[in-house]
Amino acid sequence: MTPSVKPPALERAPRLTSQEAGRLAAEWYGLSAAAAPLASERDQNFRLTDAAGARFVLKIANAEEPLEILQMQNAAMARVPGAPRVITARDGQEIARHGAHFVRLLTWIEGVCFAEVRPHTPQLLASLGRSLAAMDAALAGFDHPAAHRAFHWDLQQAAAARAHLGLVPPERRALVEPWLEACGELDWGALRHSVIHNDANDYNVLADAEGACITGILDYGDMVYSATACNLAVALAYVMLHEQDPIAAAARVVSAYHAAFPLADAELDALYPLAAARLCLSVLHAAWQTREAPRNAYLNISNAAAWHLLERLASLPAGWATEVFHRAVRPEAGLAAARRRHLGPSLSLSYERPLHIVRGWMQHLYDAAGRRYLDCVNNVAHVGHCHPRVVRAGNEQAARLNTNTRYLYEPLAEYIERLAATLPEPLRVVYLVCSGSEANELALRMARAHTGRKNTIVVDVAYHGNTNALVEISPYKFDGPGGGGRPEHVRVARIGAAGHVAELARECRPGLFICESALSCAGQVMLPPGYLREAYEAVRAVGGVCVADEVQTGFGRAGSHFWMFQTQGVAPDIVTMGKPIGNGHPMAAVVTTPEIAASFANGMEYFNTFGGNPVSCAIGLAVLDVLRDEGLQENARAVGGRLLAGLRELQARHAAIVDVRGQGLFLGFEMTDAARASALVNRMKERGVLLSTDGPRHNVIKIKPPMVFGPEDAGFLLERLDGCLDR
Ligand code: PMP
């Protein structure tokens, strides 16, 4: 079979008037009916309505349509439940002839085009899956010589559509070519074959007036003997159009289809590339046929939407859609139950209905059911979830060498140079550890070793880590549920009051003062200008050490500066860093002055089995490279500024927002109460945006997304917030 590259004879489409169609109906079928034209590509269809209101479809075929193709369609329709039925003419024929054209009369199927029903509810999508399954099951044992044809809509021949690539703008070709290629590479021999309908597009699928179920699938004109899965794939291509979560919608169809007519694994693997290839055929054939018949509007019906969807599909993580399709046909894996059985109950899950996330890609997370979420809270996936450069750096180093810091290796030497270079003098001595808690724990030991004093000043509601010593200096924990209250050696300064730090310093002569450079757990609170200068001076005046906890705030998030403490015009004695440093890889660091490092080197070695291993260093380096090469600090400044302005604008219109604050991509807004904040977070999640609450009253919504968060993401977040706050 050679693929057809011939335009489908649009010039040979019938051109009857409605009056002529009405006359034909009377003459051949004895039907006295009013005729009205229906949309069609290469044929002509009329809706006939008789005096009693009964409806029929009069189909007049293209002059190039061979009789045997129409005979095949009739035979297939007779088998498929719910398909239109052929009405014989007065002379007993199923197919009449009018000049060069064959004519048929079909029963009318009530319904609204799937394309015109919104929303596509889960029930409707499931109903479509069942209808397609019933159709394919009915045709499984059917064959007809006319189906074995070279046909440009047969996905097996999708590669032939490359001939039309030149008709689309160069920048769009990349959206199409990979799918045509993927189709060519499929193992077609491994797929079941049968005669398929091959055109369950959103104008050929009808739903009932309520949009609750499918009433029928029309137009058997594209039937071909091909892989059975192509029939479902074609429908999926159109199901995905206009959906916020195209893969989730498609998965509902797949699931219902599979329950009625099981799909093999190879078919599940093929569905997504086939569906995407169908979109490609749609845009390429439209480009081709528009050249042939510029005035036929029907050809361009789904063109813009198909391009839009192809763009969306190109942005999804590779393999995710197919994974979702496979998951859609399997029973759910009781993940929550396994956690309940084997994880300590002191760990909670986010959201009223917890998320089952299976992929991360840049600023998005993807769930098992096919939904995409804009991640506005994960400041660990700093340069983007699964950033390929970071992943590659880790993989390559892991495949080469991973050991501990008692050997010489390049990644460590290079990394500590690069990390130290981000900090002002004299912060030059680096310790590599594995978590923010380890970093703060080490900072605590260093400060105490250097000063010989244990007293510690912390800021109210602060959290510095999960170890014994850190829970003792974290008011967020010791004053919270299950907490044991403030220990003797700890003093708590009021938020934002540098004078209070000075007062406490004079009172308790602290070994250290530890403070985040902008307060996260306290509810995304910016320190007042001059705060750290005054507090540091007071602490140093009594011989204390100043520790900046940059675990949440560092690595360019501030936008204006690489480190948040720099926005205060100070340099701490010890800086601790974590979360974003490894983009999700467990690593963290402490950087201090040679003087403090010398005091700490009192003979007891500090060794950390995993800290500073070559893989961690390679990953840390890649993070620094991406930050620089992608200009992410500047992005945080620009997008953060825009977002802050947008949030202020929302505050002006929504009384539920009482304050908006932050800098760069470290932002937050305070709501009237925790119940409202929690409701908003859960509602936003249902609308595809991940947020969370913080602050002593749990009424602050924090925004600290991956730094690749772009202007469109800011726009999307603001639009969704506006919608949810309206309710
Ligand atoms: N410091 C701050 C400011 C933090 O937010 C956290 C973690 N939330 C930590 C330290 C502790 O980091 P880790 O969880 O990596 O031990």
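Note that the coordinates shown come from a computational prediction; the quantities given were computed from them, not determined experimentally. (Residues numbered from 1 in each chain as written. Predicted model: local features only at pLDDT ≥ 70, side-chain atom pairs only at ≥ 80, totals over all residues. Heavy atoms only, no water.)

Asks: Describe in detail the overall build of the protein, supporting the description with residues and values.
Replies: Helix and strand content of the protein: 22 helices and 26 strands. Considered along the principal axes of its C-alpha atoms, the protein spans approximately 110 × 55 × 50 Å. Of the contacts formed within the protein by residues at least 6 apart in sequence, a portion of 74% connects residues at least 24 apart. By element, 52% of the accessible surface of the protein is carried by carbon and sulfur atoms, the whole surface being about 29,700 Å². Between the mean site of the 69 positive side-chain charges and the mean site of the 75 negative ones, the protein shows a separation of 3 Å. (Helix = DSSP H or I, 4+ residues; strand = E, 2+ residues; numbered from the N terminus. Contact = heavy atoms within 4.5 Å. Areas by Shrake-Rupley, 256 points an atom, 1.4 Å probe, with all protein chains shown as cover. Lys, Arg positive; Asp, Glu negative; His and termini not counted. Charge placed at Lys NZ, Arg CZ, Asp CG, Glu CD.)

Asks: Quick one: what's the story with the site of the ligand, residue by residue and with numbers?
Replies: Every residue near the ligand is listed here: S435, G436, S437, N440, Y463, H464, G465, E516, D549, V551, Q552 and K579. Contact distances for the ligand include 2.7 Å between an oxygen atom and a side-chain N or O atom of Q552. Residue K579 places a side-chain N or O atom 2.9 Å away from a nitrogen atom belonging to the ligand. Alone, the ligand offers 390 Å² of accessible surface; in the complex the protein occludes 84% of this. For the shell around the ligand, the element with the highest residue contribution is helix 13 (residues 436–451), accounting for three residues. Counted by class, the shell around the ligand contains two nonpolar, seven polar and three charged residues. (Near = heavy atom within 4 Å. Polar contact = N/O pair within 3.5 Å; in protein donor to acceptor, adjacent residues only side chain to side chain. Nonpolar A, V, L, I, M, F, W, Y, C, P; charged D, E, K, R; others polar.)

Asks: Lay out the packing of helix 4 (residues 170–185) against helix 7 (residues 265–292) in plain terms, naming residues and giving numbers.
Replies: In the contact formed by helix 4 and helix 7, the axes pass within 8 Å of each other and the chain directions differ by 125 degrees. Looking at the two axes, helix 4 sits oblique to helix 7. Considering how the two elements wind past one another, helix 4 and helix 7 form a crossing that is left-handed. Across from L175, V176, W179, L180, A182 and C183 in helix 4, the residues of helix 7 making contact are Y272, P273, L274, A276, A277, C280, V283 and L284. Each residue belonging to the contact of helix 4 with helix 7 can be placed in one class, and the counts come to 14 nonpolar, no polar and no charged. (Axes fitted to C-alpha atoms, helices over the stretch in contact; angles between N-to-C directions. Parallel < 35°, antiparallel > 145°, perpendicular 65-115°, else oblique. Left-handed = near helix turned anticlockwise from the far one by under 90°.)

Asks: Any chance you could break down the environment of G111 for me, citing the residues and the numbers?
Replies: Mapped onto the elements of the fold, G111 is located in the loop between strand 6 (101–107) and strand 7 (112–113). Judged by relative accessible area, which is 36%, G111 ranks as partly exposed. Each C-alpha atom, one on G111 and one on I214, is 8.1 Å from the other, the two residues being 103 residues apart in sequence. (Buried < 20%, exposed > 50% of the residue type's maximum accessible area, 1.4 Å probe, protein only.)

Asks: Requested: an account of the side chain of N583, with residues and values cited.
Replies: With respect to the element layout, N583 can be found in the loop between strand 20 (574–577) and strand 21 (588–592). At 2.8 Å, the side chain of N583 and the backbone nitrogen of V383 are in polar contact. Sequence-distant contacts of N583, that is, excluding residues within four places in its chain, are made with V380, A381, H382, V383, G384, H387, V390 and V623.

Asks: Tell me about the environment of F46, residues and numbers included.
Replies: In this fold, F46 is placed in strand 2 (residues 44–50). For the pair formed by F46 and L263, sequence separation is 217 residues and the distance between their alpha carbons is 37 Å. Discounting residues that sit within four places of it in the chain, F46 has contacts with L16, T17, S18, A21, A35, A36, P37, L38, F56, V57, L58 and I60.

Asks: Provide a residue-level description of the side chain of D245, including the pertinent values.
Replies: Residue position: D245 is located in the loop between helix 5 (229–239) and helix 6 (246–260). For D245, a relative accessible area of 8% corresponds to the buried category. A polar side-chain atom of D245 sits 2.8 Å from the main-chain amide nitrogen of R372. Sequence-distant contacts of D245, defined by excluding residues within four places in its chain, comprise R312, G370, R371 and R372.

Asks: Lay out the pairing of strand 12 (residues 357–361) in plain terms, naming residues and giving numbers.
Replies: Working note: regular strand, side chains alternate between the two faces of the sheet. Both strand 12 and strand 13 (residues 364–367) contribute to a ladder of four bridges, which runs antiparallel. Pairing of W361 across the sheet is with H364, part of strand 13. Taking the residues between adjacent antiparallel strands as the criterion, strand 12 and strand 13 are bridged by two residues, where M362 takes a positive phi near 55 degrees. (Pairing = 2+ DSSP bridges.)

Asks: Give me the lowdown on the sheet that holds strand 23 (residues 666–671), citing residues and values where you can.
Replies: Across the sheet, four strands lie side by side as 22-23-26-25; this open sheet has antiparallel pairing. Two strands in the sheet have a free side with no partner beyond their single neighbour: strand 22 (657–663) and strand 25 (692–694). For this sheet, the mean angle separating the axes of adjacent strands, direction not counted, is 30 degrees. For strand 23 and strand 26 (residues 700–703), the ladder comprises four bridges, and the chain directions are antiparallel. Opposite F669, over in strand 26, you have I701 as the bridge partner.

Asks: Report on the sheet that holds strand 16 (residues 456–459), specifying residues and quantitative values.
Replies: Strands sit in the order 15-21-20-19-18-16-17 across an open sheet of seven strands; the sheet is mixed. A strand with exactly one partner marks an edge of an open sheet, and here the two such strands are strand 15 (429–433) and strand 17 (490–493). Taking each pair of neighbouring strands and ignoring which way they run, the sheet shows an average axis angle of 20 degrees. Examined bridge by bridge, strand 20 and strand 21 share four bridges and lie antiparallel to one another. Each residue of the ladder has a partner; that of V575, found in strand 21, is V591.

Asks: Describe the pairing of strand 6, listing the residues and the values that go with them.
Replies: A large share of strand 6 lies buried, amounting to six of its seven residues. With five bridges joining them, strand 3 (residues 55–60) and strand 6 adopt antiparallel strand pairing. Of the residues in strand 6, the one forming a bridge with I60 is V103. Sheet topology note: the strand 4 (residues 86–87)/strand 6 ladder contains two bridges and is antiparallel. Considered in strand 6, the bridge of V86 is made with L106. For strand 5 (residues 96–98) and strand 6, the ladder comprises three bridges, and the chain directions are antiparallel. Along strand 6, the bridge assignment pairs A96 with V103.

Asks: Please provide a residue-by-residue account of helix 12 (residues 410–421), values included.
Replies: The end-to-end C-alpha separation of helix 12 is 17 Å, in line with the 16 Å expected for twelve residues at 1.5 Å each. In the core, the buried residues of helix 12 are packed alongside helix 11 (388–400), strand 15, strand 20, strand 21 and helix 19 (614–629). (Expected span 1.5 Å × (residues − 1).)

Asks: Outline the nonpolar core, supporting the account with residue identities and numerical values.
Replies: Counting residues in hydrophobic clusters, the biggest one holds 98 residues, and the most contacted among them are I247, L271, L274, L313 and F325. The element best represented in this core is helix 7, accounting for 14 residues. Residues within four places of L274 in sequence aside, it is in contact with L155, C183, L186, W188, A229, C230 and A233. (Core = buried A, V, L, I, M, F, W, Y, C linked by side-chain atoms within 4.5 Å.)

Asks: Describe the pattern of salt bridges, listing the residues and the values that go with them.
Replies: Evaluation of the coordinates by the stated rule reveals 31 salt bridges. E243 is the partner of R118 in a salt bridge, and the nearest nitrogen-oxygen pair spans 3.6 Å. Of this pair, R118 sits in the loop between strand 7 and helix 3 (122–139) while E243 sits in the loop between helix 5 and helix 6, and the two are 125 residues apart along the sequence. A salt bridge links D573 to R540, with the shortest nitrogen-to-oxygen separation between them at 3.0 Å. (Salt bridge = Lys/Arg side-chain N within 4 Å of Asp/Glu carboxyl O.)

Asks: Could you give an account of the packing of helix 6 against helix 9 (residues 320–328), with specific residues and numbers?
Replies: Two elements in contact, helix 6 and helix 9, have axes separated by 9 Å at closest approach and are oriented at 35 degrees. Our pair here, helix 6 against helix 9, has a crossing hand that is right-handed. Contacts between helix 6 and helix 9 involve I247, A250, A251, V254 and S255 from the first element and W320, A321, V324, F325 and A328 from the second. When the residues that make up the contact of helix 6 with helix 9 are grouped by side-chain class, the tally is nine nonpolar, one polar and no charged.

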